[in-house]
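# Architecture at a glance
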Amino acid sequence: MVMVFYGSNGKSNPVSMENKVEHQTENQITFDIHLPSDLGMLYKVRLGLQSLENNISQLSLRHFKIQNTSTLDTFSLTINKTLPLSPNGDRWIEFPIQWPLKEALSVVTYHLTVFSRNILNERNLLHMTACIYGTHGDTGDRSLLQSLQNVHQGEKNESFLVIMDAVDLGELEKIVLLISSKTECKLDIKKLHVQEAAKEHPIYVFEVNEEFSVNANKPKIQREIPGSFVIRGEQQKNDIDNNLNEEGSQVKKLTEYTIKVYTGDKRGAGTDANVHIILFGNEDKSEVFQLAHSLEHQNPFERGKVDTFKIKTKNLGSLHSIEIGHDGKGFASGWFLEKVEITDAARNSMHCFNCNRSVDQSIITLYMLFSF
């Protein structure tokens, strides 16, 4: 069993209970846990099983109590739940902490709908998780393929619903997908919708529109999907539905762009940070794309290397500028970007954006040097 604690200033690493037993009786276990002081005021706990591969078939949780040994402030909650919550179901539960004179957040049931083309046929060979991030924290990695509901499978399109309970996340910001497979396969994921089960709106839309190539010999694919837009009313939803073609798919309207990123050939030019890009055309701009999986190199953006990425987005018209930057994470995050070349498959044109300077955490805008 592990716990993750969330505070006003961040969250803890997963805390294993294995070696922290202070006192144990037949129906009660007391743990002594030392948390980083910089977490701030605790506001929620996620509690669950580190792995379902062990011999533990079920874990029954009746009551939870936590006490700050310095202030003696105490919070207790009756849980009465068993993990996993259902056969092959979620292995995590989370709940808010309410301290004296402090208002606690509520637990919300979220509906996450996955729209794809071929996941359902491959689900017995796949492992997929999603972590939803909001202004009040995140859900942690939750399984997408263990307990599916409202499954719709057609010749070209499919969708399924995943239900998860989490302490109120606030405004949703992004979803991080983790995908691995026992065998080689390709997954075409179109988009994700997230909404509260008790409300018809808002619906948070996360456009993916990407085909993933996975197999047992490759590391897990991680993809960060920023929010695309929010549907806040029925009329807006109808307008979006009316823009779909007869098959209910927007994929045919997408344009593929090939992005070549040239890292400078000088000392310290490479970066381990997470690089993102936005494309601007005379008709529209793209969503934010994370350039995580180079077609040539497992570790992209190394000194003197060229990395190629393929993305699909709406038709932007004639490209005129891009915004590119990184989050500054990882060792040696400084990056010397030489140039970016983008090929528009629909127009059969290539656009060059020169940089020839260091890129820090702030986003820089590059304008087209030439195209042909």
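Conventions and cut-offs
Residues numbered from 1 in each chain as written. Predicted model: local features only at pLDDT ≥ 70, side-chain atom pairs only at ≥ 80, totals over all residues. Heavy atoms only, no water. Core = buried A, V, L, I, M, F, W, Y, C linked by side-chain atoms within 4.5 Å. Buried < 20%, exposed > 50% of the residue type's maximum accessible area, 1.4 Å probe, protein only. Helix = DSSP H or I, 4+ residues; strand = E, 2+ residues; numbered from the N terminus. Contact = heavy atoms within 4.5 Å. Salt bridge = Lys/Arg side-chain N within 4 Å of Asp/Glu carboxyl O. Pairing = 2+ DSSP bridges. Phe/Tyr/Trp six-rings, centres within 6.5 Å; stacked < 30°, edge-to-face > 60°. Lys NZ or Arg CZ within 6 Å of the ring centre and 35° of its normal. pLDDT = per-residue confidence, 0-100. Polar contact = N/O pair within 3.5 Å; in protein donor to acceptor, adjacent residues only side chain to side chain. Lys, Arg positive; Asp, Glu negative; His and termini not counted. Axes fitted to C-alpha atoms, helices over the stretch in contact; angles between N-to-C directions.

### What about the nonpolar core?
With 34 residues, the main nonpolar core has Leu112, Ile119, Leu144 and Ile175 as its most contacted residues. Broken down by secondary-structure element, the contributors of at least two residues to this core are β10 (107-116), α1 (119-122), β11 (126-134), β15 (158-167), β16 (172-181), β17 (185-196), β18 (203-214) and β19 (221-226). The contacts of Ile119, once residues within four sequence positions are left out, are Val114, Leu126, Met128, Leu145, Glu158, Phe160, Leu187 and Ile189. Val275, Phe289, Leu291 and Ile311 belong to the second largest nonpolar core, which has 24 residues in total.

### Quick look at the pattern of salt bridges
Under the criterion given, the structure shown has 16 salt bridges. For Glu94, the salt bridge goes to Arg46, with nearest N and O atoms at 3.2 Å. Of this pair, Glu94 sits in strand β9 (residues 92-96) while Arg46 sits in strand β6 (residues 42-48), and the two are 48 residues apart along the sequence. For Glu210, the salt bridge goes to Arg223, with nearest N and O atoms at 2.5 Å. Taken as a pair, Glu210 in strand β18 and Arg223 in strand β19 lie far apart in primary sequence, 13 residues in all. Three or more residues joined by partner-sharing salt bridges are found here, namely Lys11, Lys44, Arg46, Glu94, Asp138 and Arg142.

### Let's talk about the sheet that holds strand β23 (residues 289-290)
Spatially, β23-β22-β25-β28 is the arrangement adopted by the 4 strands of the open sheet, whose pairing is antiparallel. In the strand order of this sheet, the two ends are held by β23 and β28 (364-367), each with one partner. Taken together, the 4 bridges between strand β25 (residues 319-326) and β28 define a ladder with antiparallel strand orientation. Residue pairing across strands places Ile322 opposite Leu366, the latter belonging to β28.

### Points about the packing of aromatic side chains
The tally for this structure, following the rule as stated, stands at 4 aromatic pairs. Among the aromatic side chains, those forming a connected cluster through ring pairs are Phe301, Phe309 and Trp335. Over the ring of Phe115 we find Lys191, and its NZ or CZ is 5.0 Å from the ring centre. Of note, Lys266 hangs over the ring of Phe336, and the distance from its end group to the ring centre comes to 4.1 Å.

### Remarks on the confidence of the model for the protein chain
Taken over all residues, the pLDDT of the protein chain has a mean of 84, while the share at 70 or more is 88%. Confidence scores differ between elements of the protein chain, with helix α2 (residues 234-242) showing the lowest mean pLDDT of 58 and β10 the highest of 94. Between residues 245-252, whose pLDDT stays under 50, and residues either more than four places distant or in other chains, the model counts 13 contacts.

### A short note on the environment of Ile231
Note on placement: Ile231 falls in strand β20 (residues 229-231). A relative accessible area of 4% places Ile231 in the buried class. Spatially, the C-alpha atoms of Ile231 and Gln195 are 9.8 Å apart, while their sequence positions differ by 36 residues.

### Some thoughts on the pairing of strand β7 (residues 59-67)
In this structure, β7 lies alongside strand β8 (residues 74-83), joined through 8 bridges in antiparallel fashion. Paired with Leu61 across the two strands is Lys81, which belongs to β8. Hairpin connection between β7 and β8: a loop of 6 residues separates the two successive antiparallel strands, and Leu72 in this loop has a positive phi of roughly 65°.

### Notes on unusual backbone geometry
Geometrically, the link from His201 to Pro202 is a cis peptide bond, its omega value of 5° lying close to zero. As for its position among the elements, Pro202 is in the loop between β17 and β18. With a phi close to 55°, Asn80 is a non-glycine residue in the positive phi region. Turning to its location among the elements, Asn80 is positioned in strand β8. Located in the positive-phi region is Asn209, a residue other than glycine, with phi close to 50°.

### Quick look at the side chain of Thr271
With respect to the secondary-structure elements, Thr271 resides in the loop between β21 (254-263) and β22 (275-281). Among the residues examined, Thr271 registers a relative accessible area of 2% and is labelled buried. Among the polar contacts made by the side chain of Thr271, one reaches the main-chain amide nitrogen of Ala273 at a distance of 3.1 Å.

### Description of the side chain of Glu287
Here Glu287 shows up in the loop between β22 and β23. Although Glu287 is buried, it makes no salt bridge; Lys314 carries the closest opposite charge, 5.1 Å away. Side chain to side chain, Glu287 and Thr313 meet in a polar contact 2.9 Å long. Excluding its chain neighbours within four sequence positions, the residues that come into contact with Glu287 are Glu207, Ile277, Ile278 and Thr313.

### A closer look at the sheet that holds β20
Across the sheet, which stays open at both edges, the 6 strands sit in the order β14-β15-β10-β17-β18-β20 with antiparallel pairing between neighbours. Lying at the two open borders of the sheet, with one neighbouring strand each, are β14 (149-153) and β20. Averaged over neighbouring strand pairs, the angle between their axes works out to 30° when direction is ignored. Alignment of β18 against β20, held across 3 bridges, turns out to be antiparallel. By the bridge assignment for β20, Tyr204 is matched with Val230.

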